[in-house]
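In case you want the letters, here they are:
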Amino acid sequence: MINDLQINGTRLWDSIMEIAKIDALPNGGCGRLTLSDGDKRARDLFRRWCEDAGCTVVVDRLGNMFGRREGRNPDLPPIAIGSHLDTQPHGGKFDGVYGVLAGLEVIRTLNDLGLETDAPIEVVNWTNEEGARFSPAMLCSGVYAGLFSLEFALNQKDADGALLKDELDRIDYAGPIPCGEHKLGAFLEAHIEQGPILEANDEVIGVVTGGQGQRWYDITVTGQDAHSGSTPMPGRRDALVSAASLIAKVQEIALAHGPHGVGTVGEVSVLPNSRNTIPGEVRFTIDFRHPDDHILSAMDAAFRSAAEFETNVQIDIDMVWHNPPVQFDATCVSIVEQAAASVGLPYRQMVSGAGHDACQVARKIPTAMVFVPCRDGLSHNEAEWAEPEHLTAGCNVLLRAALELSAQTALEN
Ligand code: GLV
Ligand code: MN
Ligand code: MN
């Protein structure tokens, strides 16, 4: 019976397109940074949709939102489904939004069918998944899971010096519930793959078994400002020349730890950023990832030894985030796999290359993820695209997995 249920794919698609109108960009994407005015509008709309679907919405201290459809036994821990509504500065329509609205679609479908579940079902929107405005990524699901303190999150600053806590107050999303205290029994997240594997293999569902490790760094290279015309080339302390050579090293190190090692420098700032002054200071970020933490340690060591060769500048390496690889709960993964098999489309098990709220929540409660393909594996790009029928298939997997988890929770309690 569970294995015949179908969500409403048109309603899911239309909802994704509706949210995509908020902070829409000219080339089809969205620039909806966390806790911006646009994020508030997306949150308000999501809250209204949850309430229209009969859910009670509660918000925790960090703005994480939980929309609850009551179960037959309200004392059972809820089965939660969700992701994030914030985007990258040049983000797409699907990254995160799909997972939140797929959770809502599961609830809407249960309403249509008049189906009562044993455990409550909740849809979740986690705050600051992207890490584009406040670092690190997955910050508020990380606090929920006990990986960061509340104070650490509240005091994170954006590039303009705005504090996360002030921005939460400004958009009126600092809720009354202490972060981490809202009880969940299991967590499911649907997401576009953000990589090429499913598409290349003509597969529709990824049964995600875990996420790779990540290390984020802030690097400061300090040389000396000097005149570009009158300072002889020998003896210059050009911070940008050293930074450029280190940035090339990041690429080299990632390639040397292939095929799974990746390394990215996504932010650079040059001071004083004037055409005729030799740059005295450069700051840049590094994002190293690999499924094996030992290899991430080797990548870290390789970068530190490369930095030692840059002798005429000072280099400060601040590892601002070490997020070890995570394995999802075997029972949850197997329930998702059975649900994937039930939709009758090709699927595979895979490890996530991207970070997800599920990767943090998994450190606290049983968790699994469902991936669907995205065109050319492209994400964090305005052109990000997923086929409606793939989004529907992923949501059907969620629906069936959530019902099975609810039934199992009832048996166990
Ligand atoms: C989030 O999008 C991440 O993987 O960095
Ligand atoms: Mn995402
Ligand atoms: Mn993202």
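Residues numbered from 1 in each chain as written. Chains lettered and ligands numbered in written order. Predicted model: local features only at pLDDT ≥ 70, side-chain atom pairs only at ≥ 80, totals over all residues. Heavy atoms only, no water.

## Structural notes on the overall build of the protein
Next, step 1: Summing up its helical and strand segments, the protein has twelve helices and 16 strands in all.
Next, step 2: Taking 2.2 N^0.38 as the reference for a compact globule, 413 residues should give roughly 22 Å; the C-alpha atoms of the protein span a radius of gyration of 22 Å, in line with that estimate.
Next, step 3: Across its three principal directions, the C-alpha atoms of the protein cover 80 × 45 × 40 Å.
Next, step 4: Out of the 413 residues belonging to the protein, those deemed buried represent 56%.
Next, step 5: Split by element, the accessible area of the protein, about 16,800 Å² in all, is 50% carbon and sulfur.
Next, step 6: Positive and negative side-chain charges in the protein, numbering 32 and 58 respectively, have mean positions lying 4 Å apart. (Helix = DSSP H or I, 4+ residues; strand = E, 2+ residues; numbered from the N terminus. Rg over C-alpha atoms; globule rule 2.2 N^0.38 Å. Buried < 20%, exposed > 50% of the residue type's maximum accessible area, 1.4 Å probe, protein only. Areas by Shrake-Rupley, 256 points an atom, 1.4 Å probe, with all protein chains shown as cover. Lys, Arg positive; Asp, Glu negative; His and termini not counted. Charge placed at Lys NZ, Arg CZ, Asp CG, Glu CD.)

## Details of the pattern of salt bridges
Where charged atoms from two side chains of opposite charge come close, those side chains can pair.
Next, step 1: Throughout the structure, instances matching the rule amount to 21 salt bridges.
Next, step 2: We note a salt bridge from Asp112 to Arg11, for which the minimum N-O separation is 2.9 Å. Taken together, the residues span a long stretch of sequence, with Asp112 in helix 3 (residues 97-113) and Arg11 in helix 1 (residues 9-19) at a distance of 101 residues.
Next, step 3: Here Asp112 falls in the exposed class, since its relative accessible area comes to 52%.
Next, step 4: When its relative accessible area of 22% is taken as the criterion, Arg11 is described as partly exposed.
Next, step 5: Residue Asp293 pairs with Arg215 through a salt bridge whose shortest N-O separation is 3.5 Å. One end of the pair, Asp293, is in helix 9 (residues 293-308); the other, Arg215, is in strand 7 (residues 213-222), with 78 residues separating them in the sequence.
Next, step 6: Asp293 gets classed as partly exposed once you look at its relative accessible area, which sits at 23%.
Next, step 7: In this structure Arg215 comes out as buried when scored by relative accessible area, which is 6%.
Next, step 8: Through salt bridges that share partners, Asp37, Arg133, Asp158, Glu167 and Arg170 make up one connected network. (Salt bridge = Lys/Arg side-chain N within 4 Å of Asp/Glu carboxyl O.)

## Describing the coordination of the manganese ion (ligand 2)
Next, step 1: Protein coordination of the manganese ion (ligand 2) is provided by His84 (NE2), Asp95 (OD) and His191 (NE2), with donor distances spanning 2.0 to 2.3 Å.
Next, step 2: In primary sequence terms, the donor set of the manganese ion (ligand 2) follows H-x10-D-x95-H.
Next, step 3: Overall, His191 belongs to the buried group, its relative accessible area being 1%. (Donors = N, O, S within 2.8 Å, 3.2 Å for Na, K, Ca; no water.)

## Thoughts on the coordination of the manganese ion (ligand 3)
Next, step 1: Here the manganese ion (ligand 3) is held by Asp95 (OD), Glu130 (OE), Glu130 (OE) and His380 (NE2), and the distances to it run 2.1 to 2.4 Å.
Next, step 2: The sequence motif formed by the donor residues of the manganese ion (ligand 3) is D-x34-E-x249-H.
Next, step 3: Between the manganese ion (ligand 3) and the manganese ion (ligand 2) the interatomic distance amounts to 3.6 Å, and Asp95 serves as a bridging ligand to the pair. Of this pair, Asp95 sits in the loop between strand 3 (79-83) and helix 3 while Glu130 sits in the loop between strand 4 (121-125) and helix 4 (139-144), and the two are 35 residues apart along the sequence. Each member of the pair, Asp95 as well as Glu130, carries the same accessibility label: buried.

## Let's talk about a negative patch on the surface
Next, step 1: Together, Asp218, Glu267, Asp316 and Asp318 give the surface a local cluster of negative charge.
Next, step 2: The topology assignment puts Asp318 in strand 13 (residues 314-323).
Next, step 3: Overall, the relative accessible area of 43% leaves Asp318 in the partly exposed class. (Patch = residues over 30% accessible without salt bridge, like charges linked within 9 Å, V, L, I, M, F, W, Y side chains within 5 Å.)

## Some points on the nonpolar core
Next, step 1: Counting 101 residues, the largest nonpolar core has Leu101 and Leu391 as the members making the most contacts within it.
Next, step 2: At ten residues, the largest contribution of residues to this core is made by helix 12 (residues 388-412).
Next, step 3: Core analysis: the second largest hydrophobic core is formed by 21 residues, Ile219, Ala243, Ile253 and Ala306 among them. (Core = buried A, V, L, I, M, F, W, Y, C linked by side-chain atoms within 4.5 Å.)

## Brief notes about the site of ligand 1
Next, step 1: Around ligand 1, the structure places Glu129, Glu130, Arg289, Ala354, Gly355 and His380.
Next, step 2: Separating an oxygen atom of ligand 1 from a side-chain N or O atom of Glu130 is a distance of 3.1 Å.
Next, step 3: Side-chain polar atom of His380 to an oxygen atom of ligand 1: 3.1 Å apart, as the coordinates give it.
Next, step 4: In isolation ligand 1 offers 190 Å² of accessible surface; the protein chains occlude 93% of this area. (Near = heavy atom within 4 Å. Polar contact = N/O pair within 3.5 Å; in protein donor to acceptor, adjacent residues only side chain to side chain.)

## Quick notes on the packing of aromatic side chains
Next, step 1: Counting across every chain of the model gives ten aromatic pairs.
Next, step 2: Among the aromatic residues, those joined into a cluster by ring pairs are Phe66, Trp126, Tyr144 and Phe187.
Next, step 3: A cation over a ring is seen here: Arg108 above Trp49, with NZ or CZ 5.3 Å from the ring centre.
Next, step 4: When the ring centre of Tyr144 is taken as origin, the NZ or CZ atom of Lys364, which lies over that ring, is 4.6 Å away. (Phe/Tyr/Trp six-rings, centres within 6.5 Å; stacked < 30°, edge-to-face > 60°. Lys NZ or Arg CZ within 6 Å of the ring centre and 35° of its normal.)

## With respect to the pairing of strand 6 (residues 205-211)
Next, step 1: Burial analysis of strand 6 places seven of its seven residues in the buried class, which makes it a mostly covered element.
Next, step 2: Note that strand 6 and strand 15 (residues 347-352) share six bridges and pair parallel. Opposite Gly211, over in strand 15, you have Ser352 as the bridge partner.
Next, step 3: In terms of strand pairing, strand 6 meets strand 16 (residues 367-372) through three bridges, oriented antiparallel. Residue pairing across strands places Val207 opposite Val370, the latter belonging to strand 16.
Next, step 4: The sheet contact formed by strand 6 and strand 14 (residues 326-327) spans two bridges and is antiparallel. Looking across to strand 14, one finds that Gly211 is bridged to Val326. (Pairing = 2+ DSSP bridges.)

## Topic: helix 8 (residues 239-256)
Next, step 1: The end-to-end C-alpha separation of helix 8 is 25 Å, in line with the 26 Å expected for 18 residues at 1.5 Å each.
Next, step 2: Check the buried side of helix 8 and you find it contacts strand 7, strand 9 (262-264), strand 12 (281-290), helix 9 and strand 13.
Next, step 3: Between a side-chain oxygen at the N-terminus of helix 8 and the backbone nitrogen of Leu240 the separation is 2.9 Å; the capping residue is Asp238. (Expected span 1.5 Å × (residues − 1). Contact = heavy atoms within 4.5 Å.)

These results come straight from atomic positions and should not be treated as a statement about function.
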